[in-house]
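Coordinate analysis (summary)
This is what each chain is made of:
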Amino acid sequence: MQSVAEYIPFFIINLLMLNARMKSSKEVTIYDVARVLNISPSTVSRGLKGHPHIRKETISRIKAVATEMGYRHNKFASNLRLKKTNTLGLVVPKLNSYFMATVIAGIEKITNENGYGLIISTSQETESLEISSVHTLFNSRVDGMMVSLAYDTKDPLHFNILFEKKIPLVFFDRIMDCPGCISVVIDNYRAGYEVTSHLLQQGCSRIVHVGGNIKRNVYADRLNGYKKALSDAGITPDKEYLMIGDLSENTGVEAARKILKMKQMPDGVFAANDTTAVSMIMELLEKGVRIPEDICVAGFNNEPISRIIQPNLTTVNYPAMKIGEITASALIGILNNVHPEKNKIIVDHKLIIRQSSLRNK
């Protein structure tokens, strides 16, 4: 049986559509389309979805008229009915780092493959903006959230709103322990131990560590790995050799200047990221210090700059793309009632030895 809409002369439909547009500037609904075609709103709804019980000719007519009238599917209203938005939230400390940009690329790869949208917010390394970001994403009705903590976050209370509403949360890189939370990290303690052990094997015994805020797990673990490697070698860590900063380029320059003023110059440096390590190398080279002959230097993250600086920088490969992919996959899995076997997912890292630390070739 043919639809009534197919018997309406096309010029009458055009006239009705023009009349509908002139009457109101409000959003066009399926009821407006149904009125023009003289069919039920349910038929319009099914036709727009290509329902197999609707004739192909009717579907084509419905879609053509809907397009002509400027109808737009109200995804927000549909999501409210389903109590789902198919959107995930992401809070990161900053965007201007190779590591974080690569993590985001990994997250986007997985969200795109699984039909999820992604809203990204930055804390700019401050707890106050992190709190604001979490609440903004919560009010945007994201289905789940991924977070790497800001440099100075002290209190986890702003995440309680997610726990109360049973919105899944996955931490990555900079994490905090909380009941039921999923975290994606590398073994930073082991990596810190491996870097320091390598410097010891090259004959270094006075090793400086330039680290970040030890309230963050990544920097605390790397520091503890450094201390353990020294202890196992029978060396007591010297407080003068521990320097804490924001791990910017300026941190590296300041650390190099402190080293140059020491009575007995260190013979090795382990910096907690490549940015600091590279700026330190440049400052030391400018002052006539030879790398690695006078001081061996190692960084962390394996950023592209580590392969450009001369000598090339020894570093730890932190698989950022994989971290992002696993983080997004874990969150989407939870949303589909597939929970990881462990609350802490540890991703493999690798020590990459290059010229900046190689004395014993």
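What comes next is a walk through the structure. All values derive from a computational prediction rather than experimental measurement.

1. Re the state of the cysteines
Scanning the entire structure with this criterion turns up one disulfide. The disulfide that involves Cys178 links it to Cys181, with 1.7 Å between the sulfurs. Its torsion about the S-S bond being -110 degrees, the disulfide of Cys178 and Cys181 is classed as left-handed. For the pair Cys178 and Cys181, one class covers both residues: buried. Left without a disulfide partner, Cys204 is nearest to the cysteine sulfur of Cys296, which lies 3.7 Å away. Note on Cys204: relative accessible area 3%, which makes it buried. Judged by its relative accessible area of 0%, Cys296 is buried.

2. Some points on the packing of helix α2 (residues 30-37) against helix α3 (residues 41-48)
Running from N to C, α2 and α3 cross one another at 110 degrees; their axes reach a closest spacing of 8 Å. Relative to α3, α2 is oriented roughly perpendicular. Where α2 approaches α3, its residues Ile30, Tyr31, Val33 and Ala34 are matched on the opposing element by Pro41, Val44, Ser45 and Leu48. Grouping the constituent residues of the contact of α2 with α3 by class yields seven nonpolar, one polar and no charged.

3. Observations concerning a nonpolar patch on the surface
On the surface, Ile214, Leu242 and Ile244 cluster together to form a nonpolar patch covering roughly 260 Å² of accessible area. Take Leu242: it is sitting in strand β7 (residues 242-244).

4. Some words on the packing of helix α6 (residues 98-113) against helix α14 (residues 320-335)
A pair of packed helices is characterised by two quantities: the angle between their axes and the separation of those axes. Look at α6 against α14: their axes get within 7 Å of each other, and the N-to-C directions meet at 40 degrees. Judged by the inter-axis angle, α6 sits oblique to α14. Seen along the crossing, α6 lies across α14 with a hand that is right-handed. Here α6 contributes Phe99, Thr102, Val103, Ala105, Gly106, Ile107, Lys109, Ile110 and Thr111 to the contact with α14, which in turn contributes Ala320, Met321, Ile323, Gly324, Glu325, Ala328, Ser329 and Ile332. For the contact of α6 with α14, the class distribution of residues is ten nonpolar, five polar and two charged.

5. Structural notes on the packing of aromatic side chains
Inspection of the entire model under this criterion finds five aromatic pairs. Considering the side-chain rings of Phe159 and Phe171, the 5.2 Å spacing of their centres and the 85 degrees angle between planes classify their relative orientation as edge-to-face. Here the residue Phe159 occupies a position in the loop between β3 (144-147) and α8 (160-164), and Phe171 occupies one in strand β4 (residues 169-172), the gap between them amounting to twelve residues. Accessibility assignment for this pair places Phe159 and Phe171 in one class, buried.

6. Some thoughts on helix α4 (residues 56-69)
Counted at 1.5 Å a residue, the expected span for α4 with its 14 residues is 20 Å, and the 20 Å between its end C-alpha atoms agrees. Burial in α4 covers these residues: Thr58, Ile59, Ile62, Val65, Ala66 and Met69. Seen end-on, α4 carries its buried residues on one side only, within an arc spanning 140 degrees. Across α4 from its buried face, at more than 90 degrees, point the exposed residues Lys56 and Thr67. At the exit of α4 stands Gly70, carrying a positive phi of roughly 85 degrees.

7. Some details on the environment of Arg222
Structurally, the position occupied by Arg222 is in helix α10 (residues 217-232). Assessed through its relative accessible area of 3%, Arg222 is described here as buried. Expressed as a C-alpha distance, the spacing of Arg222 and Ala191, which sit 31 residues apart in the sequence, is 6.8 Å. For Arg222, the residues in contact, after removing those within four places along its chain, are Asn188, Gly192, His209, Phe270, Ala272, Phe300, Asn301 and Tyr318. A polar atom in the side chain of Arg222 sits 2.8 Å from the side chain of Asn188. At 2.8 Å, the side chain of Arg222 forms a polar contact with the backbone oxygen of Ala272.

8. So, helix α11 (residues 249-261)
Spanning 13 residues, α11 covers 19 Å between terminal C-alpha atoms, matching the ideal 18 Å at 1.5 Å per step. Three or more residues of α11 are buried, namely Thr251, Gly252, Val253, Ala255, Ala256 and Ile259. Among the structural elements, β6 (207-211), β7, β8 (268-271) and α12 (274-286) are those in contact with the buried residues of α11.

9. Details of the pattern of salt bridges
Applying the stated criterion across every chain yields a total of twelve salt bridges. With a closest N to O distance of 3.0 Å, Arg35 and Asp32 form a salt bridge. Here Arg35 pairs with Asp32, and both are found in helix α2, just three residues apart, close to one helical turn. With relative accessibility at 59%, the residue Arg35 sits in the exposed group. Residues participating in the shared-partner salt-bridge network are Arg257, Glu283, Glu286 and Lys287.

Calculation notes
- Residues numbered from 1 in each chain as written.
- Predicted model: local features only at pLDDT ≥ 70, side-chain atom pairs only at ≥ 80, totals over all residues.
- Heavy atoms only, no water.
- Disulfide = S-S within 2.5 Å.
- Buried < 20%, exposed > 50% of the residue type's maximum accessible area, 1.4 Å probe, protein only.
- Axes fitted to C-alpha atoms, helices over the stretch in contact; angles between N-to-C directions.
- Helix = DSSP H or I, 4+ residues; strand = E, 2+ residues; numbered from the N terminus.
- Parallel < 35°, antiparallel > 145°, perpendicular 65-115°, else oblique.
- Contact = heavy atoms within 4.5 Å.
- Nonpolar A, V, L, I, M, F, W, Y, C, P; charged D, E, K, R; others polar.
- Patch = residues over 30% accessible without salt bridge, like charges linked within 9 Å, V, L, I, M, F, W, Y side chains within 5 Å.
- Areas by Shrake-Rupley, 256 points an atom, 1.4 Å probe, with all protein chains shown as cover.
- Salt bridge = Lys/Arg side-chain N within 4 Å of Asp/Glu carboxyl O.
- Left-handed = near helix turned anticlockwise from the far one by under 90°.
- Phe/Tyr/Trp six-rings, centres within 6.5 Å; stacked < 30°, edge-to-face > 60°.
- Expected span 1.5 Å × (residues − 1).
- Arc of directions from axis to C-beta.
- Polar contact = N/O pair within 3.5 Å; in protein donor to acceptor, adjacent residues only side chain to side chain.

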